[in-house]
Amino acid sequence: MTGYPPGCAFFDGRFCAIEDARISVLDWGFLRSDATYDVVHVWKGRFFRLDRHLDRFFASAETLKLAIPHSRDAVAAILAECVRRSGLEDAYVEMVITRGVSPTFSRDPRDAVNRFFAFAIPFGWILRPQEREAGLAVAVARTQRIGAASVDPTVKNYHWLDLVMGLYEAYDKGAGTVVLPDDAGNVTEGPGFNIFAVRDGRVATPAAGVLHGITRLSALELLAEAGIATETRAVPLDELRAADEIFATSTAGGIMPVTSLDGSPVGDGRPGPVTRDLIAAYWVAHARPDWSTAVADPAATEPTG
Ligand SMILES: *Cc1c(COP(=O)(O)O)cnc(C)c1O
């Protein structure tokens with residue numbers, strides 16, 4: 001036993017077992033969090049919204065002036081091959097591009113050789129099984145989410161010290177996870193998830209200062225299809241505290257009910273009807289041909305738009 005989950009990686013141009021995928025301690029991805037990444041999941045042998053994840057990954061890399069050394073189609077084929085070799089039906093598939101190492105050890109990021117790698121490991125849930133039924137206990141941190149003028153939150157990044165310190169605040173309060181405010185008293189997001197508030201049948205989620213999650217997008221689209229009014233705008237913490245229902249969205253777990261906020265029940269303390277219907281619609285949507293692609297068929301990615 002290695003202690004590693006089963007999985008397969010693509011590393012330095014080759015496929016290998018996950019435990020053999022290691023980077024140099026000199027890589028700026030590690031030393032400086034100088035990297036971007038994306039995570040797509042595979043459910044019952046199908047990628048979910050792979051095109052959206054590839055769009056975001058390539059856009060993030062471009063913003064950070066990182067050069068992905070493969071075409072978009074080649075990345076899709078590499079991800080599919082990682083999943084195929086891992087033998088996993090449900091997988092969490094991560095693609096990463098780091099600044100890499102400068103061969104001359106210069107401090108100029110333009111001298112670094114960017115490094116791409118990818119891997120497939122078992123599907124991971126943010127919530128433990130009992131929490132998926134009962135819903136999540138969330139605390140609001142004092143720590144603010146790093147400002148959008150400093151680190152572009154729409155680029156998926158490893159600047160997580162605010163989120164991790166927020167988690168420790170939440171644990172001290174007996175909560176399982178955390179959401180961070182911005183400097184104006186609005187809610188932003190949590191460690192790897194977006195947040196939604198339901199009030200009087202209308203659903204709101206922060207427009208700015210957050211990653212534009214693909215699960216957030218799916219939730220907005222599924223709610224609109226169900227005829228439920230959605231708003232993307234600033235969501236004050238007071239509005240969150242007054243919500244009838246709250247839910248979180250993430251590739252790692254989908255739509256997750258939040259049933260307690262800072263120790264007080266949300267609504268009646270049980271997952272509410274909007275959240276429950278959305279969870280059902282979300283899993284049904286995994287079979288939609290326009291939202292999913294068979295791992296065995298990486299060339300046939302779904303149309304964007
Ligand atoms: C990945 C992530 C999310 C959720 O995005 P999905 O595309 O739905 O997985 C939200 N916030 C942060 C900070 C993230 O890193």
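Because the structure is predicted, anything quoted here is derived from the model rather than measured.

K.L.:
Give a description of the site of the ligand that names residues and reports values.
P.N.:
In the vicinity of the ligand lie 15 residues, with K156, E189, I214, T215 and T251 positioned nearest. Within the contact set of the ligand, an oxygen atom lies 2.7 Å away from a backbone nitrogen or oxygen of I214. Measuring from an oxygen atom of the ligand, one finds a side-chain N or O atom of T215 at 2.6 Å. Burial of the ligand by the protein amounts to 96% of the accessible area it has alone, namely 380 Å². Contributing elements (two or more residues each) for the shell around the ligand: strand 10 (193-199) and helix 6 (214-225). Considered class by class, the residues forming the shell around the ligand number five nonpolar, six polar and four charged.

K.L.:
Tell me about helix 5 (residues 161-172), and name the residues and values.
P.N.:
Between its first and last C-alpha atoms helix 5 spans 17 Å; for 12 residues at 1.5 Å apiece the expected length is 16 Å, and the two agree. Those residues of helix 5 lying buried are D162, L163, G166, L167, E169 and A170. For helix 5, the angular spread of buried residues about the axis comes to 160 degrees, placing them on one side. Of the residues in helix 5, the exposed ones pointing more than 90 degrees away from the buried face are L161, Y168 and D172. On its buried side, helix 5 packs onto strand 7 (136-140), strand 8 (177-179) and strand 9 (189-190).

K.L.:
Residue-level account of the sheet that holds strand 6 (residues 113-122), with values.
P.N.:
Sheets are built from strands that pair by backbone hydrogen bonding, the pairs being arranged parallel or antiparallel. Strand order in the open sheet formed by seven strands is 2-1-6-5-3-4-16, and the pairing between neighbours is antiparallel. Bordering the open sheet on either side are strand 2 (14-17) and strand 16 (292-294), each of which pairs with just one other strand. Sheet twist, expressed as the mean angle between neighbouring strand axes with direction ignored, is 25 degrees. By the bridge criterion, four bridges tie strand 1 (residues 8-11) to strand 2 in an arrangement that is antiparallel.

K.L.:
Describe in detail the side chain of T177, supporting the description with residues and values.
P.N.:
Inspection of the secondary structure assignment puts T177 in strand 8. Not counting the four nearest positions on each side in its chain, T177 is found in contact with L136, A137, V138, A139, L167, A170, P191 and F193.

K.L.:
Give me the lowdown on a nonpolar patch on the surface, citing residues and values where you can.
P.N.:
There is a patch of nonpolar side chains on the surface, built from I23, V25, L26, F30, L31 and F105 and spanning about 620 Å² of accessible area. Checked against the element boundaries, V25 lands in the loop between strand 2 and helix 1 (28-31). Residue V25 is classed as exposed on the basis of its relative accessible area of 59%.

K.L.:
Can you lay out the packing of helix 6 against helix 8 (residues 273-284) for me, pointing to particular residues and giving the numbers?
P.N.:
Viewed as axis vectors pointing N to C, helix 6 and helix 8 meet at an angle of 105 degrees, and their least axial separation amounts to 10 Å. Comparing their axes, helix 8 and helix 6 come out roughly perpendicular. When helix 6 is examined against helix 8, the residues T215, A219, L222 and L223 are found in contact with a partner set consisting of V274, L278, A281 and Y282.

K.L.:
Account for helix 2 (residues 50-63), naming residues and giving values.
P.N.:
A rise of 1.5 Å per residue sets the reference length of helix 2, with its 14 residues, at 20 Å; its end C-alpha atoms lie 20 Å apart and thus fit the reference within 8%. Those residues of helix 2 not exposed but buried are L50, D51, H53, L54, R56, F57, S60 and A61.

K.L.:
Give me the lowdown on the pattern of salt bridges, citing residues and values where you can.
P.N.:
Following the criterion strictly, the structure yields 21 salt bridges and no others. The partner of D12 in a salt bridge is R115, with the nearest N and O atoms 2.8 Å apart. Here the residue D12 occupies a position in the loop between strand 1 and strand 2, and R115 occupies one in strand 6, the gap between them amounting to 103 residues. Where salt bridges share partners, they join R202, E231, R233 and E239 into one cluster.

K.L.:
Provide a residue-level description of the packing of aromatic side chains, including the pertinent values.
P.N.:
Within this structure, the stated rule accounts for 13 aromatic pairs. A centroid spacing of 6.0 Å and a plane angle of 75 degrees characterise the contact between F48 and W291, whose relative ring orientation is edge-to-face. In this pair, F48 is assigned in strand 4 (residues 46-48) and W291 in the loop between helix 8 and strand 16, connecting sequence segments 243 residues apart. Across the pair, exposure class does not vary: F48 and W291 are buried alike. Ring plane angle 80 degrees and centroid distance 5.1 Å describe the contact between Y282 and W283, whose orientation is recorded as edge-to-face. According to the relative accessible area criterion, W283 is partly exposed, its value standing at 23%.

K.L.:
Outline the pairing of strand 11 (residues 202-205), listing residues and values.
P.N.:
Relative to strand 11, strand 10 is paired through three bridges, and the arrangement is antiparallel. Within strand 11, the residue paired with A197 across the bridge is A204. In this structure, the hairpin formed by strand 10 and strand 11 is closed by a connection of two residues, where D200 is found at a positive phi of approximately 50 degrees. Two elements, strand 11 and strand 12 (residues 230-232), share three bridges in a ladder whose sense is parallel. Opposite V203, over in strand 12, you have T230 as the bridge partner. On the question of chirality, the crossover connecting strand 11 to the parallel strand 12 by way of helix 6 is right-handed.

Cut-off values and rules
- Residues numbered from 1 in each chain as written.
- Predicted model: local features only at pLDDT ≥ 70, side-chain atom pairs only at ≥ 80, totals over all residues.
- Heavy atoms only, no water.
- Near = heavy atom within 4 Å.
- Polar contact = N/O pair within 3.5 Å; in protein donor to acceptor, adjacent residues only side chain to side chain.
- Areas by Shrake-Rupley, 256 points an atom, 1.4 Å probe, with all protein chains shown as cover.
- Helix = DSSP H or I, 4+ residues; strand = E, 2+ residues; numbered from the N terminus.
- Nonpolar A, V, L, I, M, F, W, Y, C, P; charged D, E, K, R; others polar.
- Expected span 1.5 Å × (residues − 1).
- Buried < 20%, exposed > 50% of the residue type's maximum accessible area, 1.4 Å probe, protein only.
- Arc of directions from axis to C-beta.
- Contact = heavy atoms within 4.5 Å.
- Pairing = 2+ DSSP bridges.
- Axes fitted to C-alpha atoms, helices over the stretch in contact; angles between N-to-C directions.
- Patch = residues over 30% accessible without salt bridge, like charges linked within 9 Å, V, L, I, M, F, W, Y side chains within 5 Å.
- Salt bridge = Lys/Arg side-chain N within 4 Å of Asp/Glu carboxyl O.
- Parallel < 35°, antiparallel > 145°, perpendicular 65-115°, else oblique.
- Phe/Tyr/Trp six-rings, centres within 6.5 Å; stacked < 30°, edge-to-face > 60°.
- Right-handed = clockwise from strand over helix to strand, strands pointing away.

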